[in-house]
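Listed below, chain by chain, are the residues.
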Amino acid sequence: MKFLVIGSNSFSGSNFIKYLLEKSLEVVGVSRSDEINNVYLPYKWKEYSNYNFYKIDLNKDLNQLIEIINKFQFDYVVNFAAQGMVAQSWSSPEDWYQTNVVGQVKLHDRLRKCDFIKKYVHVTTPEVYGSTEGWIKENFNFNPSTPYAASRAACDLHLKTFYNAYNFPVTFTRAANVYGPGQQLYRIITRSILYSRIGKQLDLHGGGYSNRSFIHIDDVCSATYKIAINGKTGESFHISTNQQITIRDLVKKICEMTSVSFETLVNDSGERLGKDKAYMLDSSKIRSELGWSDSINIDEGILETINWLDTNLDILKTLPDFYEHKK
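Residues numbered from 1 in each chain as written. Predicted model: local features only at pLDDT ≥ 70, side-chain atom pairs only at ≥ 80, totals over all residues. Heavy atoms only, no water.

With that settled, the discussion passes to the pattern of salt bridges. Within this structure, the stated rule accounts for 14 salt bridges. Across the salt bridge formed by arginine 112 and aspartate 109, the nearest N and O atoms sit 2.7 Å from each other. (Salt bridge = Lys/Arg side-chain N within 4 Å of Asp/Glu carboxyl O.)

Even without being a glycine, glutamine 73 presents a positive backbone phi close to 50 degrees. A positive phi angle, close to 50 degrees, is found at asparagine 177, a residue other than glycine.

Glancing now at the pairing of strand S11 (residues 236-239). Side-chain alternation along S11 places Ser236 and His238 on one buried face and Phe237 and Ile239 on a second face that is also buried. Bridge count between strand S6 (residues 170-175) and S11: four bridges; the pairing is parallel. Bridged to threonine 173 within S11 is phenylalanine 237. (Buried < 20%, exposed > 50% of the residue type's maximum accessible area, 1.4 Å probe, protein only. Helix = DSSP H or I, 4+ residues; strand = E, 2+ residues; numbered from the N terminus. Pairing = 2+ DSSP bridges.)

Here we take up the packing of aromatic side chains. Across all of its chains, the model carries 16 aromatic pairs by this definition. With a centroid separation of 5.7 Å and an interplanar angle of 55 degrees, the aromatic rings of phenylalanine 16 and phenylalanine 80 are classed as tilted. Here phenylalanine 16, found in helix H1 (residues 11-21), pairs with phenylalanine 80, found in the loop between strand S4 (76-79) and helix H3 (93-111); they are 64 residues apart in sequence, far enough to count as distant. Residue phenylalanine 16 shares its accessibility class with phenylalanine 80, and that shared class is buried. An aromatic cluster is present here, built from Phe3, Phe16, Tyr19, Tyr76, Phe80 and Tyr225 joined pairwise through their rings. One residue, lysine 23, lies across the ring of tyrosine 225, its end atom 4.8 Å from the ring centre. For arginine 174, the ring lying beneath its charged end belongs to phenylalanine 140, and the centroid distance is 5.4 Å. (Phe/Tyr/Trp six-rings, centres within 6.5 Å; stacked < 30°, edge-to-face > 60°. Lys NZ or Arg CZ within 6 Å of the ring centre and 35° of its normal.)

Right, let's get into helix H7 (residues 247-258). The end-to-end C-alpha distance of H7, which contains 12 residues, comes to 16 Å, matching closely the 16 Å that a straight helix rising 1.5 Å per residue would cover. Listed as buried for H7 are Ile247, Arg248, Leu250, Val251, Ile254, Cys255 and Thr258. Each buried residue of H7 sits inside an arc of 160 degrees when the element is viewed along its axis, so together they form one side. Immediately beyond the C-terminal end of H7, within one or two residues, lies serine 259, with a positive phi of roughly 60 degrees. (Expected span 1.5 Å × (residues − 1). Arc of directions from axis to C-beta.)

With that settled, the discussion passes to the sheet that holds S4. Across a sheet, paired strands are connected by hydrogen bonds in the backbone, their directions being either parallel or antiparallel. On the basis of which strands lie adjacent, the open sheet formed by seven strands has the order S3-S2-S1-S4-S5-S6-S11 and parallel pairing. The open sheet has two free edges, formed respectively by strand S3 (51-55) and S11, since each of these has just one partner strand. When strand polarity is set aside, the average angle formed by the axes of neighbouring strands in this sheet is 20 degrees. Its contacts with the sheet put H3 on strand S1 (2-6), S4 and strand S5 (119-124), and the angle it makes with S5 is roughly 165 degrees. This element, helix H4 (residues 147-166), spans S5 and S6 of the sheet and lies at about 160 degrees to S5. (Axes fitted to C-alpha atoms, helices over the stretch in contact; angles between N-to-C directions. Contact = heavy atoms within 4.5 Å.)

A word on helix H5 (residues 188-198). Listed in full, the buried residues belonging to H5 are Ile189, Thr190, Ser192, Ile193, Leu194, Tyr195 and Ser196. Lining the buried residues of H5 we find strand S7 (178-179), strand S8 (202-205), H7, helix H8 (262-265), helix H10 (298-311) and helix H11 (313-316). Two residues or fewer past H5, glycine 199 is found with a positive phi of approximately 75 degrees.

The next thing to look at is the packing of H5 against H10. Helix-helix packing is described using two parameters, namely the angle between the two axes and the distance between the axes. The contact between H5 and H10 brings their axes to 10 Å, and the two run at 55 degrees. Viewed along their axes, H5 and H10 adopt a mutual orientation that is oblique. The element H5 and its partner H10 pack so that their crossing is right-handed. In this structure, H5 contributes Ile189, Thr190, Ile193, Leu194 and Arg197 to the contact, and H10 contributes Ile302, Thr305, Ile306, Trp308, Leu309 and Asp310. Broken down by class, the residue content of the contact of H5 with H10 amounts to seven nonpolar, two polar and two charged. (Parallel < 35°, antiparallel > 145°, perpendicular 65-115°, else oblique. Left-handed = near helix turned anticlockwise from the far one by under 90°. Nonpolar A, V, L, I, M, F, W, Y, C, P; charged D, E, K, R; others polar.)

In this structure, Phe3, Phe16, Leu20, Ile239 and Ile286 are the most contacted members of the largest nonpolar core, which totals 32 residues. Of all the secondary structure elements, the ones that give two or more residues to this core are S1, H1, S4, S5, helix H6 (217-230), S11 and helix H9 (284-290). With seven residues, the top contributor of residues to this core is H6. Setting aside residues no more than four positions away along its own chain, isoleucine 239 makes contact with Thr173, Arg174, Ala175, Ala176, Ile215, Val220, Ala223, Thr224, Ile227, Ile286 and Trp292. (Core = buried A, V, L, I, M, F, W, Y, C linked by side-chain atoms within 4.5 Å.)

Among the secondary structure elements, leucine 290 is positioned in helix H9. In the structure, leucine 290 is positioned 64 residues away from lysine 226 in sequence and 6.7 Å away in space, judged by C-alpha atoms. The contacts of leucine 290, once residues within four sequence positions are left out, are Lys226, Ile227, Asn230, Gly231, Phe237 and Lys285.

Here S1 lies mainly inside the structure; four of its five residues are buried. Looking at chain direction, S1 and strand S2 (residues 26-31) are connected through five bridges and run parallel. Looking at the pairing, leucine 4 lines up with valine 28 of S2. Note on the crossover from S1 through H1 to S2: the handedness is right-handed. Sheet analysis places S1 next to S4, joined by four bridges and oriented parallel. Pairing of leucine 4 across the sheet is with valine 77, part of S4. (Right-handed = clockwise from strand over helix to strand, strands pointing away.)

As structure tokens, this is what we get:
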């Protein structure tokens, strides 16, 4: 089986590549960024011979990407690429729409003509639902509250029309709050651990009272693989644990595990615009239909992330701990 992973240098994309390579599958990764910091690229932590990387920007290099796709004749295409970050999408929303809608629509219109592709897995987000009440099942009743979420929702609906019109073999995944070793430092778990180690204060938006369900990247990778191989086309699958925790309690847990006072680490700050209060994704569908289950609890996952950060602290404390927007 041949896999193309788009967005290969993203946290989820790079971990999924590692997962595939450990299965001895042939993998090609494409990303608009260079492979610069190996500390963020788990597939670089060992040597693999069955991987090729190409620097490709979906907004600029689409013809080159299609040439690569036709050359390798991929069975599966898994797309992690998106302009991320919720809060920052308010500052220049046109960039989010360009990458997450216009660029993706152009890609999909070319991909639908590649009849050798068995499955196209579109990695989307629970942000499309807006703030949820109760555990929700997979649906297309979207209520996005930010430009980021609206751009992702638009792309999902576009792909649904391609499935209905062309039988384009798309399957959707939505994972809630993925974390683990190798995650960028502007995310809440890695940032909290880093700041506890270097004595920097953490801004906690709105006091951290929003509810989330955090899931380890290894569990997300195993779910994504099952969806790619056996998920029904046209269907969506939630990837989530059944546990909820507030951001505040999560940071308190990290403080206990790093032996730092919560009051010393945290500075309560104002809520950010459009922040959703809760994501509660019912993941019973993937559990019953594909036999998937999560296996790493949050204490184990945070400890593993602490160990990764401590091992690489000399490198990580020299790297940006904030999101740098790239057009």
